[in-house]
Amino acid sequence: SETPPKTELGDVAFPIAFELAKRLKQETGEKRNPREIAEILKSSLEEFEFVGKVDVAGAGYLNVYLNRPQFVAARISAPPLPSLGKSADASAPKVCVEHTSVNPNKAAHIGHVRNSVLGDTFQRILKATGKRVEVQNYIDNTGVQVADVVVGFIYIENKTLADIKLLDAELLAAGKTFDYYCWDLYAKVGQEYQTNAELKQKRAEVLHLLEEGNNEIADLAEYVATRNVECIIDTMQRLSIRYDLLPRESEILHLHFWDKAFEQMKQLGVIQYETEGKNSGCWVMPFESHAGTDEHEADKILVRSNGTVTYTGKDIAYQMWKLGILGMDFCYRPFHKYPNGQDVWITTSDPAADQDSPGFGHGETIYNVIDSRQSYTQDVVKKGVAAVSPDRGERSSIHLSYEMVALSPSAAEELGFVISDEDKARSFIEMSGRKGLGVKADDLIDRLEANALAEVEARHPDEPTEEKKTIAHKIAVGALRYFLLKFTRNTVIVFDFKEALSFEGETGCLCQYSAVRANSIFRKLSEGGENLDDLLTVVSDPRKTAQLFSAEGGDEIWSMFMLASRLEETVAQAASQNEPAILAKYAFNLAKGFNLFYHNHKILPEPDPTKRALLLCVADTVRRSLTAALDTMGIEVPAKM
RNA sequence: GCUCCCGUAGCUCAGUUGGAUAGAGCAACAGCCUUCUAAGCUGUGGGUCGCACGUUCAAGUCGUGCCGGGGGCACCA
């Protein structure tokens, strides 16, 4: 259409040829060598003039290519991510993202943070693609881990509920936190179990009482678990991670979710009562796909011979609730209000408490954020749900699995742990709450904030203290979130202090820095009384723009612009591949690209007004894309750095 | 025994679904602050993509088999 300036045909012949060969094969089955096609293209199309390098892979690039100036004009005035910030239609299908990781028995460690950062970022990605999202954090308040801490309080420390409340107040007064106290106590109980069989017996008793509810020990456990949940909420809030609902296991038990699911499963005949064999007296779900032998070895027991339900049974019922196919609901009460005004609700079995809850569950799709060690169990649960509801079960629930965060041997030593020669030889050591071995989330955030503050102090000594702290906090959050997001989900993160505390290289800090620099260009611009909107008209002249792109350095400007234009596509890709790391890599490449861009092109001093306007428009597109990408990862851009 | 994941530069990791000469960050060495912020930029060295066959115009990517590392396969949660 336009008369595009001239460049090398060779640059475009190969990608076009690859695309043609691919389509030819798809549509006619004919196989052609792309190199041959490229040669034909070169010889037959020499009379045409092309614009420049092809930067867009895939089917759409040719159109983009020939209409570059118009494309630029259209993109420049468009918002970076149209769906971002716009709340989804209330009638849109709901997606539930559930974090399942941290037990409410002690402080959260870095492994729990990976779970929550992953879940929170993925949730933000889904929102950015226009989905309606509900974020849940499952609270296993009746499990062994809570039972262990309760055992510690009662049988090691001889404390009553009143004593614990007193202790809690003392800790608060001393500037210490309840979850840290529980961390140590939990490790102490773990030690004690090794030599004290009697104590281990107590665990079974306590566990039973917790499940039963309505007794003194259950009340004590309730207090301990709730206090730990409050601590976890605070810790995660530091990282801008917030939840909508905290579903508790105690309600799943007390409201008898399982009975309802059990009834349905019996009616549909998807489970059987065994009268002979090794599973005699149990209700089992036949499970052939994992069977190794012709015995029913792989059959999964859902109800034990003593009549109690297994974890898998409970989880099937819970999954059914999430999908809205159980036919039962929790009661809810507000639990906590975040500083941004958002409420987090918690489940309860008291119908009187339930007043204005917005309604939870009924997800069209469910994402379960659980580490990959639970893959088998997740699969079993999924098959169980699918047995009840074939059309929903398989498709609607997705295991967003991730590998654990382990410690490098040197990190374990730095934490003051004596490690065996055997462990020293290993590439990593698994964290263990029972041994007290792990990096507590708050400790790490504290260290990051302190390091960042020292850097800010050195660079901006005249800033008010509050402002310096705010900046340091944003840098710390950016560093930690980026560090956990840059790895793909199935990579084991071997935690190393030096790497995690770094503000240099491929870090969140570099991304933030780049955005801050971009912002300061526009701050200077408006300080000089210039308006960006006026500059848009200069750039919307296709002929002038086309000339600039074909001039010296034009390809570089074009590449920068194209990269910045790919945010929406990247977010969509991260969503469809369930991989937040794609977005993290994109943000880093964008930031790095921009660092080079403003190094090579002096923007504000640029004498040619058209080129200056174009550079400014490109820089503006970059900073908006970068800011939106970082925001989608829960990373804020500080005012200064 | 069955099953899933991983193996890419000295180290830690990407690799856009099979495309052009395999990329980043650390670490090492050499440069760049009178300039829109040096938490940055530039350059150098560093690769038999674990091994071997196979599929095809084309394989780090797909298939099979080995070798090496990790996880998971309860009337635990």
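**Q** What is the right way to read the packing of helix 19 (residues 465–485) against helix 21 (residues 508–527) from this model?
**A** Pairs of packed helices are described in terms of their axes, by the angle between the two and the distance that separates them. Between helix 19 and helix 21, whose axes approach to 7 Å, the crossing angle comes to 130°. On the basis of the axis angle, helix 19 is oblique to helix 21. When helix 19 is examined against helix 21, the residues Lys474, Ile475, Gly478 and Tyr482 are found in contact with a partner set consisting of Gly508, Cys509, Cys511 and Gln512. In terms of residue class, the contact of helix 19 with helix 21 is made up of four nonpolar, three polar and one charged.

**Q** Help me understand the protein's contact with RNA strand B in this model?
**A** Around RNA strand B lies a shell of 60 residues, among which Arg304, Arg459, Thr488, Tyr513 and Tyr598 are the nearest. Counting only atoms of RNA strand B within 4 Å of the protein, the sugar-phosphate share comes to 61%. At 3.0 Å, a side-chain N or O of Asp140 approaches a sugar or linking oxygen of RNA strand B. Those elements that provide at least two residues to the surface near RNA strand B are helix 1 (10–28), helix 13 (311–323), helix 14 (375–388), helix 18 (441–459), helix 20 (497–500), helix 21 and helix 26 (581–600). In terms of residue class, the surface near RNA strand B is built from 24 nonpolar, 16 polar and 20 charged.

**Q** Would you explain empty space enclosed by the protein in this entry?
**A** Over the atoms, a rolling probe the size of a water molecule traces out where space has been left empty. If you walk through the whole model with that rule in mind, you get six cavities of 30 Å³ or more. The volume enclosed by the largest cavity comes to roughly 100 Å³. In this structure, the largest cavity is lined by 14 residues; those nearest its centre are Thr100, Tyr138, Tyr311, Asp315 and Tyr318. Within the residue set of the lining of the largest cavity, elements represented by two or more residues are helix 11 (249–254), helix 13 and strand 9 (365–371). Of the residues forming the lining of the largest cavity, the biggest block, six residues, is contributed by helix 13.

**Q** Explain the side chain of Arg481 to me, please; I cannot follow it from the model alone.
**A** Checked against the element boundaries, Arg481 lands in helix 19. At 2.7 Å, the side chain of Arg481 forms a polar contact with the side chain of Asp120.

Cut-off values and rules
Residues numbered from 1 in each chain as written. Chains lettered and ligands numbered in written order. Predicted model: local features only at pLDDT ≥ 70, side-chain atom pairs only at ≥ 80, totals over all residues. Heavy atoms only, no water. Axes fitted to C-alpha atoms, helices over the stretch in contact; angles between N-to-C directions. Helix = DSSP H or I, 4+ residues; strand = E, 2+ residues; numbered from the N terminus. Parallel < 35°, antiparallel > 145°, perpendicular 65-115°, else oblique. Contact = heavy atoms within 4.5 Å. Nonpolar A, V, L, I, M, F, W, Y, C, P; charged D, E, K, R; others polar. Near = heavy atom within 4 Å. Polar contact = N/O pair within 3.5 Å; in protein donor to acceptor, adjacent residues only side chain to side chain. 1 Å grid on protein atoms, 1.4 Å probe; cavity = no way out; pocket = protein on both sides within 12 Å on 5 of 7 lines; lining within 4 Å. Points joined across faces, edges and corners; volume = space filled by probe spheres on them.

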